[in-house]
Amino acid sequence: MATIQMKGVTKSYGLLDVIHGVDLRIEEGEFVALVGPSGCGKSTMLRMIAGLETISNGQIAFDDEVVNDMTPSERGISMVFQSYALYPHLSVRKNLSFGLENLRMPREEIRTRVAEAARMLELDDYLDRKPKALSGGQRQRVAIGRAIVRQPRVFLFDEPLSNLDAKLRVQTRGEITRLHKQLGTTMIYVTHDPVEAMTMAKKIVVLIGGHIEQVGRPLDLFERPANLFVAGFIGSPRMNIFDATVIGTEGEVLRVRSAETGDMLVPLPGMAPGRAVKIGLRPSHFALGEEAGEGAQSLIVDQVESLGHETYIYGRLNGTGTTTIIHVQNHLEAEPGDTLPAAPRGGHVHLFDASSGLRLGGA
Ligand code: ADP
Ligand code: MG
């Protein structure tokens, strides 16, 4: 187990700056998800931590020891990739033991470690099979087993579930979090899928365009996104964002107005009237139909997706051109072209500065 500390870490490929100066501390035994859209630099970050990629500037330390010039094996990391890369001609047992035999580890120790990993990953019955006789999920478990037997100080996962179908992904997600509880080893888990990050990790690092935009617990990111990038990335379907203007301060609250939502009150003091802001409202934070009550806005329905127990409605509010997504927890009878009353639920408004995109507050 190790703490990992990154200070001012940058990475450029020639003229292309990919990582723009990252400061990050990961505690011993922590399970951290590194999440961001494709191409934002997640694999590059992980490979720099692993020692598979040099860093352009800055410092990476494991347990206060600078590892900048150390190889992956000197750092004591194990990495699991999206492609399992198992040896096709070797049995599962041999795939698990191969790396340890190369290290000239005593046979008895290898046997113990392989047996232990096989038990943890429920691979006991498959040890004599070749990879081609395994399902995709079992193959990925072998790849994880191969990482476990090395007893690393740090586990690094780079989108390990992307090749699995939806059901297996959910199952393997659970297995990896269970594994972390059993082993207690520091783990960094890279994914482009915010749902995977939210369900697996206690701490999430949001990386967008090579910048860390926010570090926090899943609920923090959801309830208090630091800026419009995070607001738009965490949560599915994505948060609705509307251009708005500050009308004025009324005691302890601020009156803001957008064409889509009408006037909204946000518990934020002192802001100049006329200031350009953005209102953020999650799809589940609207009341629709009869529930919307007095003074509701009007939604023109463009598209309806009913899943039986819940409904997603895509439409436009108050004759604007902004596509708005609303999610209700029941079946809602509506057709494209219908007009429905819609009201933002108080207490769930996010407010951002229009030019910097930074969070101003909300409730
Ligand atoms: P992610 O894993 O988040 O999808 P990557 O870390 O793989 O993103 O890539 C980040 C950026 O760096 C991308 O623009 C990618 O094209 C670029 N990149 C990655 N590896 C190299 C390389 N070896 N040479 C040049 N550019 C690279
Ligand atoms: Mg990647």
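Residues numbered from 1 in each chain as written. Chains lettered and ligands numbered in written order. Predicted model: local features only at pLDDT ≥ 70, side-chain atom pairs only at ≥ 80, totals over all residues. Heavy atoms only, no water.

(A) Local environment of the layout of surface pockets. Computed from the structure, the largest pocket encloses a volume of approximately 460 Å³. Residue lining of the largest pocket: 23 residues in total, with Met79, Phe81, Arg146, Ala147 and Arg150 positioned closest to the centre. Contributions of two or more residues to the lining of the largest pocket are made by helix 2 (72-75), strand 6 (77-80), helix 3 (92-102) and helix 5 (136-148). Of the residues forming the lining of the largest pocket, the biggest block, six residues, is contributed by helix 3. Residues of the lining of the largest pocket, tallied by class, amount to 15 nonpolar, six polar and two charged. Reported here for the second largest pocket is a volume of approximately 240 Å³. Lining the second largest pocket are Arg93, Lys94, Ser97, Glu101, Met105, Arg107, Ile110, Arg111, Val114, Ala115 and Leu127. Residue assignment for the lining of the second largest pocket shows that the elements contributing at least two residues are helix 3 and helix 4 (107-120). (1 Å grid on protein atoms, 1.4 Å probe; cavity = no way out; pocket = protein on both sides within 12 Å on 5 of 7 lines; lining within 4 Å. Points joined across faces, edges and corners; volume = space filled by probe spheres on them. Helix = DSSP H or I, 4+ residues; strand = E, 2+ residues; numbered from the N terminus. Nonpolar A, V, L, I, M, F, W, Y, C, P; charged D, E, K, R; others polar.)

(B) Expanded view of empty space enclosed by the protein. Inspection of the entire model under this criterion finds one cavity of 30 Å³ or more. Lining the largest cavity are Leu24, Ile26, Val32, Leu34, Met45, Ile49, Ile188 and Val205. Where the lining of the largest cavity is concerned, the elements lending two or more residues are strand 2 (16-26), strand 3 (31-35) and helix 1 (42-50).

(C) The arrangement of the site of ligand 1 in detail. Close to ligand 1 lie Tyr13, Val18, Pro37, Ser38, Gly39, Cys40, Gly41, Lys42, Ser43 and Thr44. Contact distances for ligand 1 include 3.2 Å between an oxygen atom and a backbone N or O atom of Cys40. Between ligand 1 and the protein, one listed contact pairs an oxygen atom with a backbone N or O atom of Gly41 at 3.0 Å. Expressed as a share of its isolated accessible area of 560 Å², the protein-covered part of ligand 1 is 57%. Considering each element in turn, the shell around ligand 1 owes the most residues, three residues, to helix 1. Of the residues assigned to the shell around ligand 1, the class counts are four nonpolar, five polar and one charged. (Near = heavy atom within 4 Å. Polar contact = N/O pair within 3.5 Å; in protein donor to acceptor, adjacent residues only side chain to side chain. Areas by Shrake-Rupley, 256 points an atom, 1.4 Å probe, with all protein chains shown as cover.)

(D) Here's a closer look at the domain arrangement of the chain. Each domain of the chain was delimited in the assignment, giving domain 1 (4-230) and domain 2 (240-353). Relative placement of domain 1 and domain 2: their C-alpha centres are 39 Å apart. Counting each side, the surface lost to burial between domain 1 and domain 2 is near 500 Å², with a carbon and sulfur contribution of 72%. Three residues stand out in domain 1 for area buried against domain 2, namely Phe222, Pro225 and Leu228, and they jointly supply 84% of the buried area on that side. Taken together, the connections running from domain 1 to domain 2 amount to zero salt bridges. (Domains from an automatic or database assignment. Buried area = accessible area lost by both parts, 1.4 Å probe. Salt bridge = Lys/Arg side-chain N within 4 Å of Asp/Glu carboxyl O.)

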